[in-house]
Amino acid sequence: MEVKPKFLIKNGKRLDGRKVGEWREIKITTGVIPNADGSCQVDFGKTKVIAAVYGPRELHPKHMVLSDRALVRARYDMLSFSVEDRKRPGPGRREIEISKVIAEALRSVVMVEKFPRSVIDVFVTVIQADASTRIAGLNAASVALADAGIPMKGLVTGVAFGKIYDETGKGVMVADVFKPEDQWGEADIAYAKSIANDEVVLLQMDGDVTKKEFLEGKAMADKAIEYTYQEQVKALKAKYEGD
Ligand code: CDP
């Protein structure tokens, strides 16, 4: 049983030693599932997620066919061993919700009109969870789509942020929350955007923050997103330039 710590940040240092705006080590690898049309693994510290893309391909069931564009479908799931308490296999309410928000975020960047009547399937699987799995999954999915050669208006890049309490009881905004901060913090906010279109494609908040705190956290997340975006591009180039 985990014990709740007295505070999540002390003398400006978080439980894992990070400063407020600091993100975990980010590792992005393209082409990890060679049988898929496109794939990518994203590690945000101990959070490890794989995305695999299949398509554009024929859509079944037929009644879901869109005559003027492709359907982007996403399925998010966590492996049973990815969390501390074994996760029951298969999608529950949480997985259905996350699949929906991931699909919606990706639909805002994929040029769906280029592939009428077809489907683009995106599978996001969490191998190890340490918070921010939907965001890591979305980062992986957008690189996997690019790896599959699917035309997009831009990549989707996200970093979560949140509010935690320090040793004086003051609320502090932090970038890239990890599990203890997600679990015991005051708020966590999943945030992703398309840098190319300057458009927010996912924003979900659990908890409470003031407008000032929100903007402060978002500014920190934006810096982390800039870095993550560069890593996404690097991962794609590494595969195609072979370095
Ligand atoms: O993962 P994300 O932050 O996008 O979504 P969440 O629903 O806020 O879950 C936060 C974290 O709780 C996950 O990343 C896991 O580390 C953990 N979790 C868990 O331990 N067991 C579950 N069945 C679901 C989530």
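As the structure is a prediction and not an experimental result, all values here were calculated from the model.

**Examining the side chain of S118**
Moving on, step 1. Checked against the element boundaries, S118 lands in strand 7 (residues 118-128).
Moving on, step 2. S118 gets classed as buried once you look at its relative accessible area, which sits at 9%.
Moving on, step 3. Every residue in contact with S118, bar those within four places of it in the chain, is listed here: P56, R57, L59, R69, A70 and L71.

**Here's the deal with the pattern of salt bridges**
Moving on, step 1. Going through the model one piece at a time under the given rule, you end up with 19 salt bridges.
Moving on, step 2. For R18, the salt bridge goes to D176, with nearest N and O atoms at 3.6 Å. Placement of R18 in the loop between strand 2 (13-14) and strand 3 (26-30) and of D176 in the loop between strand 10 (171-175) and helix 3 (179-184) is noted, with a sequence separation of 158 residues between them.
Moving on, step 3. One salt bridge in this structure joins D43 and K48, with 3.0 Å as the shortest N-O distance.
Moving on, step 4. When its relative accessible area of 28% is taken as the criterion, K48 is described as partly exposed.
Moving on, step 5. One salt-bridge network, held together by shared partners, links D16, R18, R24, D130 and D176.

**Topic: the site of the ligand**
Moving on, step 1. Lining the immediate surroundings of the ligand are V83, R94, A129, D130, A131, S132, T133, R134, K179 and D182.
Moving on, step 2. S132 is positioned with one of its backbone polar atoms (N or O) 3.0 Å from an oxygen atom of the ligand.
Moving on, step 3. At 2.5 Å from an oxygen atom of the ligand is found a side-chain nitrogen or oxygen belonging to T133.
Moving on, step 4. In isolation the ligand has 510 Å² of accessible area, and contact with the protein removes 76% of it.
Moving on, step 5. When the residues that make up the shell around the ligand are grouped by side-chain class, the tally is three nonpolar, two polar and five charged.

Each value, and the rule that gives it
- Numbers given to residues run from 1 along each chain, matching the order in which its sequence is written.
- Confidence filtering applies because this is a predicted model: local features only for residues at pLDDT of at least 70, side-chain atom pairs given and counted only at 80 or more, and all residues used for totals across whole chains, interfaces and linings.
- Side-chain calculation: all heavy atoms of the structure are included, whereas hydrogens and water are not.
- Here a strand is any run of E in DSSP of at least two residues, a helix any run of H or I of at least four, and the numbering for each starts at the N terminus.
- Accessible area is worked out with a 1.4 Å probe on protein chains only. A residue is then buried under 20% of its type maximum, exposed over 50%, and partly exposed in between.
- Any pair of residues with heavy atoms lying within 4.5 Å of one another is described as a contacting pair.
- A pair is scored as a salt bridge if a Lys or Arg side-chain nitrogen falls within 4 Å of a carboxyl oxygen belonging to Asp or Glu.
- Nearness here has a simple test: a residue counts as near a molecule or strand if at least one of its heavy atoms is within 4 Å of that partner.
- Polar contacts, as counted here, are pairs of nitrogen or oxygen atoms within 3.5 Å of one another; within protein the pair requires one atom able to donate a hydrogen and one able to accept it, and residues that are adjacent in sequence qualify only if both atoms are side-chain atoms.
- Using a 1.4 Å probe, the Shrake-Rupley method yields the accessible areas, and only the shown protein chains count as cover for residues.
- Note that Gly is not counted as nonpolar here; it falls among the polar residues with everything else outside the nonpolar set of Ala, Val, Leu, Ile, Met, Phe, Trp, Tyr, Cys and Pro and the charged set of Asp, Glu, Lys and Arg.

So yeah, pure geometry; function would need other evidence.
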